[in-house]
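# Commentary on secondary and tertiary structure
These are the residues of each chain, in order.
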Amino acid sequence: MDGGVLYSIGELARRTGMAVRTIRFYSDAGVLPPHHRSSANHRRYDPDAITRLEMIRTLRELGLDLVTIQRVLASEISMSQAAAVHAEAIDMQIQVLRARRTVLRLVAKRDSSTEEMELMHRVLRLSEAERHRIIHDFIDSAFGDVNANPELVGLLHSAMPNLPDEPDAEQVEAWIELAELVQDTDFRAGVRRMAEHQASERAGGDRTGLHHELTGYVRDRVTAAVTAGISPASEAAGVIVAELAGRYADTFGRTDSPEYRAELLRRLEIANEPRVEQYWRLISTINGWPAVPSLAPVFDWFIESLHLHAPAGSGKAGQA
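Residues numbered from 1 in each chain as written. Predicted model: local features only at pLDDT ≥ 70, side-chain atom pairs only at ≥ 80, totals over all residues. Heavy atoms only, no water.

### Let's talk about the packing of helix α10 (residues 185–203) against helix α14 (residues 274–287)
Quick note on the threshold: Each axis is a line fitted through C-alpha atoms, taken for helices only over the stretch in contact, and angles between the N-to-C directions span 0 to 180 degrees. The helix and strand labels rest on DSSP assignments: H or I over at least four residues marks a helix, E over at least two residues marks a strand, and numbering proceeds from the N terminus. To sort the angles, those under 35 degrees are grouped as roughly parallel, those over 145 as roughly antiparallel, those from 65 to 115 as roughly perpendicular, and the leftovers as oblique. Throughout, a residue-residue contact means that at least one pair of heavy atoms, one from each residue, lies within 4.5 Å. In this classification, the charged set is Asp, Glu, Lys and Arg, the nonpolar set is Ala, Val, Leu, Ile, Met, Phe, Trp, Tyr, Cys and Pro, and all remaining amino acids, among them Gly, are polar.
Running from N to C, α10 and α14 point in directions that differ by 105°, and their axes come no closer than 10 Å. Classified by the angle their axes make, α10 and α14 are roughly perpendicular. Residue-level inspection shows Asp186, Phe187, Val191 and Met194 of α10 in contact with α14, the latter providing Arg275, Val276 and Tyr279. Along the lines of polarity and charge, the residues of the contact of α10 with α14 split into five nonpolar, no polar and two charged.

As structure tokens, then:
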């Protein structure tokens, strides 16, 4: 112990380069207890205090609080344990700071109002479970008490928006837009109409699931027609309508007829809700999924053509 040498606070300050008031603060806090006190009640420290002070300074510069430092110095927890806990806390702070930076950049970009800024900040502060709850509540409100297509309901519940830990501005904007969309009364009413229509069809015996193949066929057939310059009012469009109506009738176990064409038209008009596409586009943006081309122009053309052309009397005219 260097021949029993003891140091005053002033001497410790000179040897470590730390301020006297800082050393006194650490001593009063209990992380640097004096070796003993002189007859004049002055604090005296042994040489180990220099090493202890250097460790305290390093840990404080790394951001550890005094309680944790005291536990390390008292060997209550190891240095590695303290470092791991503190590193995790810093990670959380970084996430919070990045989220705040994203909100501020969006506010600057959009010239947002105070209300919109508060909404952005509130959305980012939600946990993933809380954000998912917003979407599940929307799905339950639209589909929960009707016997709609179970495959669609399952798809909706499985395709949750997962905002990453470090979202970019586009993802945050998409989440805010999605949160507003699923709480929009008109949108909810439109999705509810879709659910009730599906339930009505299922009550009539329809047990088909999702119709990706049929949708893909309609997309390709109509896209080719539009590319070829075929207008909905043209005779060629009437041939395509007959073909597509026949495809729908086959898929659902029906026969193409004036009555069925009227049902098909209603089905398409109810399903052609543009904000449903917006919903999936926002989910894709948040999750970083590839953008899916819009089907709205395809079904707009099909619906207009179906309106304009007299339905077939019976059978599956024009079916390929």
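### Topic: α14
Our working definition: To estimate how far a helix should reach, multiply one less than its number of residues by 1.5 Å. Between N or O atoms, a polar contact is any pair within 3.5 Å; within protein, one atom must be a potential hydrogen donor and the other a potential acceptor, and residues adjacent in sequence are included only when both atoms are from side chains.
In this model α14 runs 20 Å from its N-terminal to its C-terminal C-alpha over 14 residues, within 8% of the 20 Å that 1.5 Å per residue would give. Two or three places before arginine 275, at the start of α14, stands the capping residue glutamate 273, its side-chain oxygen 2.9 Å from that residue's backbone nitrogen. Looking one or two places after α14, you find glycine 288, whose phi comes out positive at around 75°.

### With respect to the packing of aromatic side chains
The geometry of an aromatic ring pair is captured by two quantities: the separation of the ring centres and the angle between the planes. Rules: Each Phe, Tyr or Trp ring (for Trp, its six-membered ring) is paired with any other whose centre lies within 6.5 Å, and the angle between the two planes then decides the class: stacked below 30 degrees, edge-to-face above 60, tilted in between. Buried residues are those whose accessible area, probed at 1.4 Å on protein chains only, stays under 20% of the maximum for their type, while exposed residues exceed 50% and partly exposed ones sit between those limits. Charge-over-ring placement is defined geometrically: NZ (Lys) or CZ (Arg) within 6 Å of the ring centre, and within 35 degrees of the ring normal.
Summed over all chains, the structure comprises six aromatic pairs. The interplanar angle of 15° and the centroid separation of 6.3 Å between the aromatic rings of tyrosine 248 and phenylalanine 252 together place this pair among those described as stacked. Residue class for phenylalanine 252 comes out buried when judged on its relative accessible area of 17%. Note on tyrosine 248 and phenylalanine 302: the rings are 6.1 Å apart at their centroids and 40° apart in plane angle, and the pair reads as tilted. Separated by 54 residues along the polypeptide, tyrosine 248 in helix α12 (residues 235–251) and phenylalanine 302 in helix α15 (residues 296–308) bring together distant segments of the chain. For tyrosine 248, a relative accessible area of 5% corresponds to the buried category. The class of phenylalanine 302 is buried, set by a relative accessible area of 0%. Through pairs of rings, three or more aromatic residues link up here, namely Phe138, Phe187, Tyr279 and Trp280. Its guanidinium or amino end placed over the ring of tyrosine 217, arginine 247 lies 3.8 Å from that ring's centre, counting from NZ or CZ.

### A look at the pattern of salt bridges
Spelled out, the test is: By definition, a salt bridge exists where a carboxyl oxygen of Asp or Glu is found within 4 Å of a side-chain nitrogen of Lys or Arg.
On inspection of all chains with the given rule, the structure shows 15 salt bridges. Here glutamate 263 makes a salt bridge to arginine 254, at a shortest N to O gap of 2.9 Å. Among the residues examined, glutamate 263 registers a relative accessible area of 38% and is labelled partly exposed. By relative accessible area, arginine 254 is classed as partly exposed at 35%. If you follow the salt bridges from partner to partner, you end up with Arg133, Asp137 and Asp140 in one network.

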